[in-house]
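Spelled out, the chains give:
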Amino acid sequence: MATLGAANLGHGQAEATAIMKHDADKAGVPVHSFDPEASPQEKGAAAGKGGREKLQSVKQKDNPARELQLEANNTAPAVPTIVVHDVGEGEKPKVTATDTEQIAEDVQDEASRVPGALPTAAAPAIPDWYKVGWRQMSGIDNPPLPEGEERDKGVLDMFLGEQFYGSWYHNAAIIVFAVLASHFLTRFNFGWGWLFIILAICNTYYSTSMERVRRCARDDIQRELVKTRLASEHESAEWINNFLHRFWLIYEPVLSATIVSSVDQILSTNTPAFLDSLRLTQFTLGNKAPRIDKVRTFPKTDDDIVMMDWGLSFTPNDTSEMTQKQKDNKVNPRIALSVRVGKGLATAALPILVEDITLSGLLRIRMKLMSNFPHVQVVDICFLEKPVIDYVLKPIGGDTFGFDIANMPGLSSFIREMTHATLGPMMYDPNVFTLNLEQMLSGKPLDAAIGVIQVVVRSARGIKGTKIGGGTPDPFVSLSIENRAELARTKYKNNTYNPTWQETKYILVNSLNEQLILNLYDFNDHRKDTLLGSTSFDLNKLLEDSTQEDLVAQLLKDGKDRGELRYDVNYYPVIEPEEGSAEVLDSTVGIVRLILHQAKELDQSKSLSGDLNPLAKVYLNSSPSSSFATPCFKHTASPVWEAPHEFLCTDKASATITIKVIDDRDFLKDPVVGYMSIRLVDLLDMRGQAGKDWFPLSGCRSGKMRVSAEWKPLSMAGSLHGSEQYRPPIGVVRLLIDKATDVKNVEATLGGKSDPYVRVQVQNVTKGRTEVVNNNLNPVWDQIIYIPVHSLKENLMLECMDYQHLTRDRSLGSVELHVADLAAESEDPRYPYESKGVKKAADPLLLEKGHAHKGDLHYTAEFIPALHLKNVKFEASNSEAKRLTERQDEEGGDVSDGSSSSDEDDVPNGLTINAEKKAHNHHHHQKPVKPTIDATSVHTADNGSIKTNGTSASPTTPTSANGNGQAKKEDEGVEMSNEELLVQPSGIVVFNIISGNLSKKGRLEVLLDDGYWPCFSTIKARSTNAQWGYVGEGFIKEVDFGRVWLRLNEADEGEKDDIVAEWKGDAKAFLQSTLNGPQTYSLVDDEDRKNSTVVVEAKYIPVPVKLEPRESVNNQGIVRVDLLDGREIRGVDRGGKSDPYAVFQLNGQKVFKSQTKKKTVTPEWNEHFEVSVPSRVGAEFHVEIFDWNQIEQAKSLGIGKIELSDIEPFQATERIITLAHNKHGEKGSVRIRLVFQPEIIAKSRKNTSTFTSAGRAMTQIGGLPVSAGKGVLHGVAGVFKRGDKDHEEPVPDLPSGQASQPVGVANDMEVTRGGLASFPSSENGHAAASGEPGTLRVTVMDAKDLAHQDIKPYATLRVGDKEFKTKHTHKTSSPEWNESFIFAASALTPKMYVWIHDHKTLGKDKEVGEGEVDIWRHIKPEGVSSADVFLELKQGGLMRLRLEFDASSNPNSNNGSIHSGHDVTRTLSIASPSRFSIRGRRPADNEDQ
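Within any chain, residue numbers begin from 1 and follow the written order of that chain's sequence. Totals for whole chains, interfaces and linings use all residues, but because this is a predicted model, local features are given only for residues with pLDDT of at least 70 and pairs of side-chain atoms are given and counted only at 80 or more. Each side-chain value is derived from all of the structure's non-hydrogen atoms; neither hydrogens nor water enter the calculation.

Student: Let's hear about the overall build of the protein: which residues, and what values?
Tutor: Counting its secondary structure elements, the protein contains 21 helices and 73 strands. The rule is simple: take the accessible area with a 1.4 Å probe, protein chains only, and divide by the maximum for that residue type; under 20% is buried, over 50% is exposed, in between is partly exposed. Counting all 1489 residues of the protein, 49% fall into the buried class. Exposure was quantified through the Shrake-Rupley algorithm and a 1.4 Å probe, taking into account, for residues, occlusion by the shown protein chains and nothing else. A total of about 72,100 Å² of accessible surface is found on the protein, and carbon and sulfur atoms cover 51% of it. Segments assigned H or I by DSSP are reported as helices when at least four residues long, segments assigned E as strands when at least two residues long, and all are numbered from the N terminus.

Here it is in structure tokens:
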């Protein structure tokens, strides 16, 4: 009977196939018929006629959140079976496989043969100065202008108001033009031909203008009428139906292949246990296309919303609109499902037929648009009414003996209602079915993880509840997301109401917009566990602070208190690469997303029936138990799994992955069909290479498998730049960046020149950089930079960059320098490496795009070896990454639903695929990126543990990674005490930034010596309790004189600095304390408040560097110059006298200008000033004497050079400087006194050219300190304050855009100044602080960097109701006025307003600058005080004023300006050093004003 039934079924199957073939022959449309035993992948190939790639499953996982498994690093790493050998420079690595007859390279080459190729890189970025698209042209996205400012106007806008625009005025203008042109032609006797030309021009313009107006009006009217009709009426869509009629015949096979590929996999993996298989054997949607009957559009929606109603119908049996020929060739939709019952060889197939499918309904489509690809962000679809669905279902008998179940009473309506009940909540109005196209087409998996949640379950107290039947509960905690499937659970504690677990669980999450549910259960042996209480935690809180510690939550059940639970939650986010970058992020700890794609040509000889039911299992680090298994596919030798698996890897370098392909047998032992083992780093290197993700299987005759892996690094303390990954340096490379010639001009479009500087990068991390040279295509830097290196295989990238103040700096070209060209191994155990000599080169700059070169970089490089010390590495006890591998025994019992034992065959230990790639090539493709998110540490108790697959093992580092056998020398080295180390003058300081308690979340920067550029910067903390575990290093030139700076920067890397707090100290004292162990340092803010602390330890590696004289600290510092007098000055006036004044210049910049002495050739100045000298050896210090003139330009009387290199520090040296003139020779001399004090000069790196001459000292030398606000002056004055608080007077914080420096000293030095304007003084005045006015003298000294270049600027000052104006200068952007004015000032006049205008001989003067000065922030409102004020102008530029106030003097209301010609006595001070020009005031005679 069974044989007869099978024969009948086979007859029905053959008859159904014949009918399908007949339909296909009639219409010429493909009808898909499949082998019931075929795999889904083979069916997809058959449906697409072999011309379409097999499609992957689009099934979405039910539970994207899950407990994250760790790789089992408890045993020795498995030996790979697949090996990639490095065969030499410039050649491809050779891939070999063990324990198999297959050739690995042949497998990969065959898989890589694909027609065509996708672009390997993103399209080049459009330059910033381009204007592309209507948004940029209209400026709609530009930020609003500040109050009081206007946009740049066109020529007509400047002279005509808006009321003079319009067609009427244009037509009137053409009439006026015609009249005037005719009059002109007539007046000068032109002929009639010219008049006709004028008339033709006017007529053409008028006609064109009127046609344009009519056309625009007609279009506007028609558009408004269409809008009204669209919203109220339905319109037909015959044009798109005509397109669908033709397109459907082409697209239907592709659509069928898509459906078969996805649905058949779902059926195969979800087959019930009582069935052998479910397969699609026949599938077609027919040859009649769907129709859009009507369309209604809603125009009154937001600009980025498109909403339409479509009347949709798919009625293949409707033949009313078809011709007789189309009816004859019509193919109806038909689906045949083969259901195989039985087991093993005793199976039979039952065909189930679904045909004559129809669907019609009213569909609403709503699309949200966006500017980025694919330009449609979200599509919402819903049916406004229940659609009409009909079909013919024949479950038994096929087409011949099948019976339509719709003929059974009530069954058809029941199925229809069930269908509506299922679709109703999904897509029946008001519910919508949403397609997020942006996410679907982004290339990222929908279930991709965004990070790891660490939950530390500490304890519970006061549990209320008992066991059923009495007794004390055995509590454990279960973790889940939104009460979905359980993700992790703790062990249970026996018989207690106050359990303590101290267990740590890691949960993978893909969204923080959900809640973490913690359920407390009572464990029961033989019945279901009892819920005692639950609590929840909102994951959104982790965005504010990634560390949530010591949480105490109330346990609730049925609204009643059931005790409290104590736990911690930490968030470790995935570090995303920079946008547009495909480089691998180099870290130790991360999430591995392993995807088992498919297998082909599996060895069927191990199956008795020749039939395989394959599945794959994943084993991590030789673990005896599998961590993941794919679904089982039955009756196929080429399964397509597309199964992803994610696990947490704590040591990427030593991790191995073993995959076994197993034949699933129900009642017998499952044999291993084939296996492969490979290192994780090798598998990651194969990513993205065509065909390189196919690997041969070992232990079998045939078979290959496609596997890929993705590395997602975690922002966890110690995972990036941690102590475990740190390798001691082998030495430093001394780079002398000399100059560049003919560099690329990226600002030629704007009429300017590039602002070049050179940065030195190692593995894409900037280790040092030069200063910026503005507007120069042949810059000269002549700077020395020291770069620590760790291997001979490292490369130094010397990249010339163009500085941009507002946008990202642009590359001008780069030069690559190989350390192997500078150094080699040596036999000296103290110095394992030695220099090959000095390399002096002028290499061409390679541009980013292509292989073109532009310009040359001249540099000198030399390798200097470091002393090989023992025990340079730090202890990794505080590393969060290391804690993951720790495991300790716990009390309590495991809660398990059952355990699965491994009953498949064992495979040999060992790698079947091995990769040994070149270290420098490997690092070239990897990018150690500093993450933007900080992962903080969780304090786990002694009995805390992490659930792993075994015990921990120390990670092993491949010898090749260190290069040239460095790993063999790790146990060797020189032992030196701390005292012996600090005797060495120069070396590398290795910092371990452990943790910090911060006032604000930021990143810690470490600077050395001049503080121009940070040695390194940690990641930015996402919690004020930061756990960094970050190791960095820097080179210090002189330990005895060096400085160490620790500063907390709130700004992201690459943005403008926002320093929150800082610590500064001597390098030697810092090393003496940190060499002995971790030390805590308190960082102070601008108000000297200690609000942040950091824990740091350090190591010191001596490097025998011979410094040039200009590199020594003794070469830089502060010079005090006393200008005493002059002798035999050349007289140029009629009487043989002169009006001399002196100007001092340092490296081309004016630093001081003396007072003018009238009618003398033997002037006596007795003035002094201080200036910061960055380099005495290379300093160009000159004094030039000028003769002041009232009207003419000042004449030079001679210039003399002042030599600073031979001055003894701290000793006063008096010198006579001989003056020389190009025309008149040597004539006259000047006597000066010099005192030099060595100090490190802090350099500035802001929006203008960086420090080139005078700088700013770090410590106090004399006089009063300089105080700066947070505007431009913050960058100008440098990033460091001047020290010695014993001599410091507190200066209040200044608002943005203002800075001041006192000009007085405490000893009230009395100096008589000839020719200086009188400063009124009175003994019986009233103090300004009491409200009585005092005398405020304001000297307008000069300005620089004004927004406009070719102008004649003058300044206007207003205090109260009194206003004065200076004279205008010649055309310049750096004017000097040196004019003084007297104001009445008191507490009622707190501010002084300043404007700078451009003088216009004809027309209105134009304002080019504006600012305001808070008077009493810079000077005291009582007594006598003075200050030099630097004012940042709103429109751009910097202005220098001098404020002098005498509270005891009443102002003379008749004198608005100070007139010269009177000898007075006044109080002066030593000027504080500044990078700005410090010039004397211009003498003001009576005729000046």
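Student: Quick one: what's the story with unusual backbone geometry, residue by residue and with numbers?
Tutor: Geometrically, the link from Asp-429 to Pro-430 is a cis peptide bond, its omega value of 10 degrees lying close to zero. Take Pro-430: it is sitting in the loop between α11 (411-427) and β13 (433-436). With a phi close to 55 degrees, Asp-742 is a non-glycine residue in the positive phi region. Topologically, Asp-742 is positioned in the loop between β31 (731-741) and β32 (756-762).

Student: Describe the pairing of strand β44 (residues 987-997), with residues and values.
Tutor: Across the eleven residues of β44, ten count as buried, placing the element largely inside the fold. Sheet analysis places β44 next to strand β51 (residues 1090-1102), joined by ten bridges and oriented antiparallel. Of the residues in β51, the one forming a bridge with Asn-992 is Glu-1097. Note on pairing: DSSP must find at least two bridges between two strands before they are called paired.

Student: I'd like a description of the environment of Asn-1378, backed by residues and values.
Tutor: Along the chain, the position of Asn-1378 falls in strand β68 (residues 1376-1385). Since its relative accessible area comes to 5%, Asn-1378 is described here as buried. Sequence separation between Asn-1378 and Val-1338 is 40 residues; the distance between their C-alpha atoms is 9.9 Å.

Student: Explain the nonpolar core to me, using residue names and the numbers behind them.
Tutor: We define a nonpolar core as any set of buried Ala, Val, Leu, Ile, Met, Phe, Trp, Tyr and Cys residues linked to one another through side-chain atoms lying within 4.5 Å. Ranked by size, the top nonpolar core spans 53 residues in total, and within it Phe-991, Trp-1028, Leu-1046, Phe-1070, Leu-1071, Val-1094 and Tyr-1100 carry the most contacts. Top element by residues in this core is strand β47 (residues 1025-1036). It accounts for six residues. One finds Phe-633, Cys-700, Val-707 and Ile-913 within the second-largest nonpolar core, a separate group that totals 38 residues.

Student: Could you give an account of the side chain of Ser-754, naming the residues involved and the relevant values?
Tutor: Within the element layout of this structure, Ser-754 appears in the loop between β31 and β32. Working rule for contacts: check all heavy atoms of both residues, and any pair within 4.5 Å makes them a contact. Setting aside anything within four residues of it in sequence, one finds Ser-754 in contact with Lys-744, Asn-745, Val-746, Glu-747, Val-773, Asn-774, Asn-775, Asn-776, Leu-777, Asp-802 and Leu-812.

Student: So, helix α19 (residues 1067-1074): which residues are in play, and what are the values?
Tutor: Within α19 the residues assigned to the buried category are Ala-1067, Phe-1070, Leu-1071 and Thr-1074. Seen end-on, α19 carries its buried residues on one side only, within an arc spanning 95 degrees. Read the arc as the range of directions from the helix axis to the C-beta atoms.

Student: How would you explain the sheet that holds strand β70 (residues 1406-1414) if you had to name every residue and give the values?
Tutor: The sheet built from four strands is open, its strands ordered β67-β66-β69-β70 with antiparallel pairing. Across the chains shown, the open sheet's two edge strands, defined by having one partner strand only, are β67 (1362-1365) and β70. Taken pair by pair, the neighbouring strands of this sheet meet at an average axis angle of 15 degrees, ignoring direction. Only C-alpha atoms enter the line fits that serve as axes; for helices the fit covers just the stretch in contact. Angles between N-to-C directions range over 0 to 180 degrees.

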